[in-house]
Amino acid sequence: MMSDPLTDLLRRHPEAAFDYLEFRNTVAGAAAYYAAKRATEHDRRTIAACLERMLAAHEKEDPMEEAEADIDFHRATYEATHNVVMQTVMHGLSDLMRADVFFSRRKLYGYKGVRHLLLNQHLAIGEAILAGDAERARDAATQHIGYARGTLEEIEKAEARLEVSLRRMGRGDLVAGSRRRG
C-alpha cells in the first residue's frame, strides 16, 4: 500500500509534512473544481451533510469531531470528482490524516481562532461545489490549504521557540512531556 512508504518517510523526515501540504494544495484545488463540475445529486447531499456535521461539531465546540467531519468533507469532495485515481490516492492520504501521521489535527484545531476560520473556509468550498461554481471552488480550496499550511508552520515555529526557552531555563523535562501530549 502507498501509505506504508509514506508513513515511513514522514517518521524519518517530519518536515515532509509540509511537502504533503504543498501536494495537497494542488490536488484539493483540482478536486474542488471537478467536484463542482461533476457532482451528482447524491454527491451534493453527502457534501451538504458533511458541512452540517461540521457546523454541529463547531457549535458543540468539539474540535476533534469537527476535524473528523473535515476529513469526511474532503473525502466526499474527492468522491464527487468521479476520478478513480484521485479518489484512491486521496483516500489513502486521508486515512493517514485520521492517524495524525502528517501533523496533529488536535494542535491545528486547538490553535486560537483557527476553528472558526477553517469552518468558514470549508463552507466556502462546499457552497461553491454545491452551486456548481468550479472556479470559485478551486480558489476556495487552494486558499484553505494555504491557510492550513501557514498556520501549521506558525505552530511549529512557536513550539520551537518554546522548546528553546524551556531548555534555556533548564526545563528539558517539560520539552519531552509536551511532545508526547501533542
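Keep in mind that what you see is a predicted model, and the values were worked out from it rather than measured.

Peer 1: What am I meant to see in the environment of His122 here?
Peer 2: In this structure, His122 sits in helix H7 (residues 114-131). Residue His122 is classed as buried on the basis of its relative accessible area of 0%. On a C-alpha basis, the gap between His122 and His74 in space is 9.0 Å, while along the polypeptide they are 48 residues apart. Apart from the residues lying within four places of it in its own chain, the contact partners of His122 are Leu51, Met54, Asp70, Phe73, His74, Tyr109 and His144. One polar contact links His122 to His74, side chain to side chain, over a distance of 3.2 Å.

Peer 1: Looking at this structure, I do not really get the packing of helix H3 (residues 41-59) against helix H4 (residues 63-80). What am I missing?
Peer 2: Axis angle and axis distance: for two packed helices, these are the angle between their axes and the distance between the axes, and together they describe the pair. H4 packs onto H3 with a crossing angle of 165° between their chain directions and a minimal axis gap of 8 Å. One finds that H3 runs roughly antiparallel with respect to H4. In the crossing of H3 with H4, the sense of the turn from one axis to the other is left-handed. Here H3 contributes Asp43, Thr46, Ile47, Cys50, Leu51, Arg53, Met54, Ala57 and His58 to the contact with H4, which in turn contributes Glu65, Glu66, Glu68, Ala69, Asp70, Asp72, Phe73, Ala76, Thr77 and Ala80. Class assignment for the residues of the contact of H3 with H4 results in nine nonpolar, three polar and seven charged.

Peer 1: Can you walk me through the pattern of salt bridges in this structure?
Peer 2: Two side chains of opposite charge can pair, provided their charged atoms sit close to one another. Enumeration according to the criterion identifies eight salt bridges in this entry. Across the pair Glu41 and Arg44 runs a salt bridge whose closest N-O atoms are separated by 3.7 Å. Residue Glu41 and its partner Arg44 are both found in helix H3; the two are separated by three residues, about one turn of the helix. Residue classification places Glu41 among the partly exposed residues on the basis of a relative accessible area of 47%. Overlapping salt bridges bring together Glu22, Arg149 and Glu153 as one network.

Peer 1: Quick question: what am I supposed to make of the confidence of the model for the chain here?
Peer 2: The predicted coordinates ought not to be read in detail in places where the model reports low pLDDT. Summary statistics for the chain give a mean pLDDT of 84 and a share of 84% for residues scoring 70 or more. The element-level mean pLDDT for the chain is lowest in helix H9 (residues 172-181), coming to 52, with H3 highest at 96. Contacts of residues 177-182 to residues separated by more than four positions or lying in other chains number four contacts, the stretch itself having pLDDT below 50.

Peer 1: What is the right way to look at H4 in this model?
Peer 2: One full turn of an α-helix is made of 3.6 residues, so residues set three or four places apart face in the same direction. With 18 residues, H4 ought to run about 26 Å at 1.5 Å a step, and its terminal C-alpha atoms sit 25 Å apart, in line with that. His82 sits one or two residues past H4 and shows a positive phi near 60°.

Peer 1: Teacher, can you tell me more about H7 here?
Peer 2: Across its 18 residues, H7 extends 26 Å between first and last C-alpha, which sits within 8% of the 26 Å expected from 1.5 Å per residue. Just downstream of H7, Gly132 is the residue with a positive phi angle, here 75°.

Quick notes on the rules
Residues numbered from 1 in each chain as written. Predicted model: local features only at pLDDT ≥ 70, side-chain atom pairs only at ≥ 80, totals over all residues. Heavy atoms only, no water. Helix = DSSP H or I, 4+ residues; strand = E, 2+ residues; numbered from the N terminus. Buried < 20%, exposed > 50% of the residue type's maximum accessible area, 1.4 Å probe, protein only. Contact = heavy atoms within 4.5 Å. Polar contact = N/O pair within 3.5 Å; in protein donor to acceptor, adjacent residues only side chain to side chain. Axes fitted to C-alpha atoms, helices over the stretch in contact; angles between N-to-C directions. Parallel < 35°, antiparallel > 145°, perpendicular 65-115°, else oblique. Left-handed = near helix turned anticlockwise from the far one by under 90°. Nonpolar A, V, L, I, M, F, W, Y, C, P; charged D, E, K, R; others polar. Salt bridge = Lys/Arg side-chain N within 4 Å of Asp/Glu carboxyl O. pLDDT = per-residue confidence, 0-100. Expected span 1.5 Å × (residues − 1).

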